Amino acid sequence: MIIEFGHFALVLALLVAALQTVVPLVGASRGDPRLMEFARPAALAQLACVAIAFGALLHAFITSDFSVAAVANNSNSRQPLLYRIAGLWGNHEGSLLLWISILSVYGAAVAAFGGNLPARLRARVLAVQAAIALGFLAFTLFASNPFARLDPAPADGAELNPILQDPGLAFHPPMLYLGYVGLSMAFSFAIAALIEGRVDAAWARWVRPWTLAAWTCLTAGIAGGSWWAYYTLGWGGWWFWDPTENASFMPWLIATALLHSAIVVEKRDALKGWTILLAILAFGFSLIGTFLVRSGVITSVHAFANDPARGLFILALLIVYIGGGLLLFAWRAPSLKGGGLFAPVSREGALLINNLLLATAAATVLLGTIYPLILDTLGQGTVSVGPPYYNATFMPIILPLIALTAIGPLLSWKRADLPGALGRLKFALAIAIIAALIAWWIHGGPALALLGVALAAWLFVGALTELIGRSRALSPGGLGRLRRLPRAAWGMTLAHGGIALAILGMTGSAAWKQEDIRVLRPGESAAIAGYSYRLDQVFPVPGPNYEATRARFTVSVLGNAEGSKPVAVLYPEKRSYPVAETTTTQAAIRMLGLADLYGVIGEPDGKGGWAVRFYYEPLVPLIWIGCLIMAAGGIVSLSDRRYRVGAPQRAAARAKTVPAE
Amino acid sequence: MIRRRLLYLLPVLAFLAIAIWFWFGLAPGRDPSLVPSVMIGKAVPAFDLPPLAAGAPGLKNTDLKGHLRLINFFASWCVPCRAEHPLLMDLAKDKRIELYGIAWKNKPEDATNFLIDLGNPFAVTVADQSGRTGIDFGVYGVPESYLIDRDGNIRYRQVGPFTEDDIEKKLKPLIAELSK
């Protein structure tokens, strides 16, 4: 009964979305305030309907109602509660409902907290937001119904894919969706601005916090996903250029560009058309990602459903939203009047280069992702994709970008003094050279890795230089000035510093990772990177819905006498899920200094030995530390005063924000 | 002014081009893991690859006659290869067919570790470090597999990892037919 009620609520949401699309648009073009005001209650009603539907499906998952097909195919009564809940978004239908729920949360947030927006703009933004919801609600109801029943109901479910039964994966899809779907706000604002024919500093100021929020979630979501891959796939890698990963990475690149170009619109009234284009593309890429992952045009390890009929439906949505948005752009954008002029060497110029490089990087990733498909449809081709492709194409674009990231913030608006800015980076340059020399002394190469270390140091020190220079922190009273800096300035320093740390981690992982794979019998040891790993024993451990084989490794510093205190004890597991007939790996990871000791237990060799894998991953924890700092930078920047001033009623309303799900 | 307008039309045109490709990609009956190949029915392209481990035999295209063989392009950096690997281990037990591995764009020591770790289903494993042989075969990416008949002709191509279904419904019947 609850399921039918949820289904009904979703149908109702579709109707509300249809009204919310049409009525405010008509109102905005006629200038009828009552019709425009309709958008706000409609957005809240839509959220209520979708929340009921989501709650109904969640109830079915928690109570293991196997008469619901989505539950029967993706859950099992022996799964722990957390994974019964995560099962909701571990499949195509349920994850689509999560997608829509987040979309309506964003729409309702504009309705509830957008009091300071001009009525006409708000009405149009909410109408576009509803139009997106309309398409995806129709897709859910007509082609991917999460409430479909099974008759007869099976006695037990088929279980969530065991590789997804992991705390990391329970939380990372909602975070990622908050990012993907959050970009719909930038899209809606862009379309509304095109309809109005006006883009100004105020518009940029409204659109930027939404983009920033989405970007922050996307950053955290991508980092979470790669962390998950790192410790559950069990071979020490953390990024594989898989289509699913690329699907989240492309919108991130474009959203990063958008964040930067929106500053130019806000401060200098320039780059308007370009910013609008980026706003459309950012959401466009997140839709293309959805399409690639769900339509089955490209094979991926974590692809959802391979169903061409669904693919066709999503393709139609893509054409309506992206194609329609870009068409509107082609029609209206040429008449947007740009304001501020600037010299090529200026803050604006630097941000433009940043944008071009990021957009090119996104295009490179897109090409690598769909190249096999393009060639296939052209008949026949011979091309290789995979890390070799991305190393050859992505790196040459991103390395100069990193180098310029330290310089850009030191340039002034309109016309800048490049030698002066470079002069202020002398210290950063010295540190970069010293860092590269230290890396060379320890590891001796390779050259690209030394460059990576130098760039990371350059950017990190460069970001600090900018912060210290801006606040004159080293002069008397500097601490107070440092504290009084705008939050946005702190946000930028954190984000750029975070990138620098992440790059250092990526460099360490790519160049200096050590691994050893061998067969050990209990009692035997292997040595890697100055540590000795002794396999003490292998023993079975029962889990709630799996049988685990757990190993115990004692790690000690090589050369120390037997019996000296071990530096770590690792317990990697191999889990076997009888229902899904799958085994998963749980690596055991211990952070030691800035390196990870990483151990994995593999198959028995049948003669009393076990295949084991050890990795020494220097600097790798910095990847996630850096990403977290970047996300923190996003949050700090989001709290900047300029997003609150002039809207005291909004600041008051914020106290009773919708609680997180 | 017109030229300026055309510039603004570029994004939508580029998008439409991509959308059309997507549409072709969705054509009914197209299975993304079974991309038709012009190589089917033709002889294996010429190649001569060194062994993965020093001392083992290498592999030339002319070595491929006389027995039914499956050539699998793999790499240790490839996620789907790991997913596919247990199926290859099973398939290796089938006496009618021999599995040959080509480590594609992969450091030999990494590929060797991969096989030590997950088991080695291959009778012969060679290294295509430059990826040149992969290009001659028309490899899109790894994993990719080719079924070679006794005359050295390509009879089946699998783009992407094998699934159990692929092996049972596509590969096994073909093996049965070709090993008569």
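Residues numbered from 1 in each chain as written. Chains lettered and ligands numbered in written order. Predicted model: local features only at pLDDT ≥ 70, side-chain atom pairs only at ≥ 80, totals over all residues. Heavy atoms only, no water.

A. Focus on the packing of aromatic side chains. Residue and element names in this part refer to chain A. Considering all chains together, one arrives at 35 aromatic pairs over all chains under this definition. Seen in terms of ring centroids, Trp239 and Phe249 are 5.5 Å apart; in terms of plane orientation they differ by 65 degrees. Their pairing is edge-to-face. One end of the pair, Trp239, is in the loop between helix H9 (201–232) and helix H10 (243–268); the other, Phe249, is in helix H10, and 10 residues separate them in sequence. Comparing Trp239 with Phe249 shows no difference in burial state: the two are buried. (Phe/Tyr/Trp six-rings, centres within 6.5 Å; stacked < 30°, edge-to-face > 60°. Helix = DSSP H or I, 4+ residues; strand = E, 2+ residues; numbered from the N terminus. Buried < 20%, exposed > 50% of the residue type's maximum accessible area, 1.4 Å probe, protein only.)

B. Region of the structure containing the packing of helix H1 (residues 2–30) of chain A against helix H7 (residues 119–143) of chain A. Residues and elements named next belong to chain A. Relative to each other, H1 and H7 sit at 150 degrees, their axes nearing to 8 Å. As H1 packs across H7, the resulting crossing turns out to be left-handed. Here the residues of the contact of H1 with H7 sort into 19 nonpolar, 5 polar and 2 charged. (Axes fitted to C-alpha atoms, helices over the stretch in contact; angles between N-to-C directions. Left-handed = near helix turned anticlockwise from the far one by under 90°. Nonpolar A, V, L, I, M, F, W, Y, C, P; charged D, E, K, R; others polar.)

C. How the structure looks around the pairing of strand E5 (residues 124–128) of chain B. Residues and elements named next belong to chain B. For E5, a buried count of 5 out of 5 residues is recorded, marking the element as mostly surrounded by other parts of the structure. Residues Val124, Val126 and Asp128 line one face of E5 and the alternating positions Thr125 and Ala127 line the opposite face, and both faces are buried. As judged from the 5 bridges shared by strand E4 (residues 98–104) and E5, these two strands associate in the parallel manner. Across the sheet, Trp104 pairs through a bridge with Asp128, a residue of E5. Once you follow E4 into helix H3 (residues 108–118) and on to E5, the crossover reads as right-handed. (Pairing = 2+ DSSP bridges. Right-handed = clockwise from strand over helix to strand, strands pointing away.)

D. Quick peek at the sheet that holds strand E10 (residues 610–618) of chain A. The sheet built from 4 strands is open, its strands ordered E1-E10-E9-E8 (chain A) with antiparallel pairing. Each edge of the sheet is formed by a strand with only one pairing partner; in this case those strands are strand E1 (514–520) and strand E8 (588–592) of chain A. Sheet twist, expressed as the average angle between the axes of neighbouring strands with direction ignored, equals 15 degrees. Here E8 of chain A pairs with strand E9 (residues 595–604) of chain A via 5 bridges, running antiparallel. Bridge pairing in E9 of chain A links Met591 of chain A to Asp596 of chain A. Relative to E1 of chain A, H3 of chain B is tilted by about 35 degrees, and along the sheet it contacts E1 and E10 of chain A. (Contact = heavy atoms within 4.5 Å.)

E. Inspection of the sheet that holds E5 of chain B at higher detail. All names here are of chain B. In space, the 5 strands of this open sheet follow the order E5-E4-E3-E6-E7, with mixed pairing throughout. Strands at the two margins of the open sheet, each flanked by one partner only, are E5 and strand E7 (154–159). The mean inter-strand angle of the sheet, taken between neighbouring strand axes irrespective of direction, is 20 degrees. As paired elements, strand E3 (residues 69–74) and E4 share 6 bridges and run parallel to each other. Directly across from Ile71, in E4, lies its bridge partner Tyr100. Those strands touched by helix H2 (residues 79–91) are E3, E4 and strand E6 (144–148), and its axis lies near 160 degrees from that of E3.

F. Region of interest: the environment of Phe38 of chain A. Residues and elements named next belong to chain A. Note on placement: Phe38 falls in the loop between helix H2 (33–37) and helix H3 (39–62). Taking C-alpha positions, Phe38 is 9.0 Å from Leu19, a pair spaced 19 residues apart along the chain. Dropping the residues within four chain positions of it, Phe38 is found in contact with Leu19, Gln20, Val23 and Pro24.

G. Seen up close, the side chain of Glu84 of chain B. Residues and elements named next belong to chain B. Relative to the assigned elements, Glu84 resides in helix H2. Within the structure, the side chain of Glu84 is placed 3.2 Å from the side chain of Asn72, a separation counted as a polar contact. Only 2.9 Å separates the side chain of Glu84 from the backbone nitrogen of Phe162, close enough to count as a polar contact. Those residues within four positions of Glu84 in sequence are excluded, and the remaining contacts are Asn72, Pro143, Ser145, Gly160, Pro161 and Phe162. (Polar contact = N/O pair within 3.5 Å; in protein donor to acceptor, adjacent residues only side chain to side chain.)

H. Focus on the nonpolar core. Trp99, Phe189, Trp203 and Ile276 of chain A together with Phe22 of chain B are the most contacted members of the largest nonpolar core, which has 146 residues in total. With 15 residues, helix H8 (residues 167–196) of chain A is the largest single contributor of residues to this core. The contacts of Trp203 of chain A, once residues within four sequence positions are left out, are Leu121, Phe189, Ala190, Ala193, Thr275 and Ile276 of chain A. (Core = buried A, V, L, I, M, F, W, Y, C linked by side-chain atoms within 4.5 Å.)

I. Just the environment of Ala456 of chain A, in detail. All names here are of chain A. Inspection of the secondary structure puts Ala456 in helix H17 (residues 447–471). With relative accessibility at 4%, the residue Ala456 sits in the buried group. On a C-alpha basis, the gap between Ala456 and Leu357 in space is 18 Å, while along the polypeptide they are 99 residues apart. Look past the residues within four positions of Ala456 in its chain and what remains in contact with it is Ala500, Ile503 and Leu504.

J. Main features of unusual backbone geometry. Residues and elements named next belong to chain A. Here Asp269, not a glycine, exhibits a phi torsion of approximately 60 degrees, which is positive. Structurally, Asp269 is set in the loop between H10 and helix H11 (272–295). If you check the backbone angles, Leu271 has positive phi at about 60 degrees while not being a glycine. By secondary structure assignment, the location of Leu271 is in the loop between H10 and H11. When its relative accessible area of 16% is taken as the criterion, Leu271 is described as buried.

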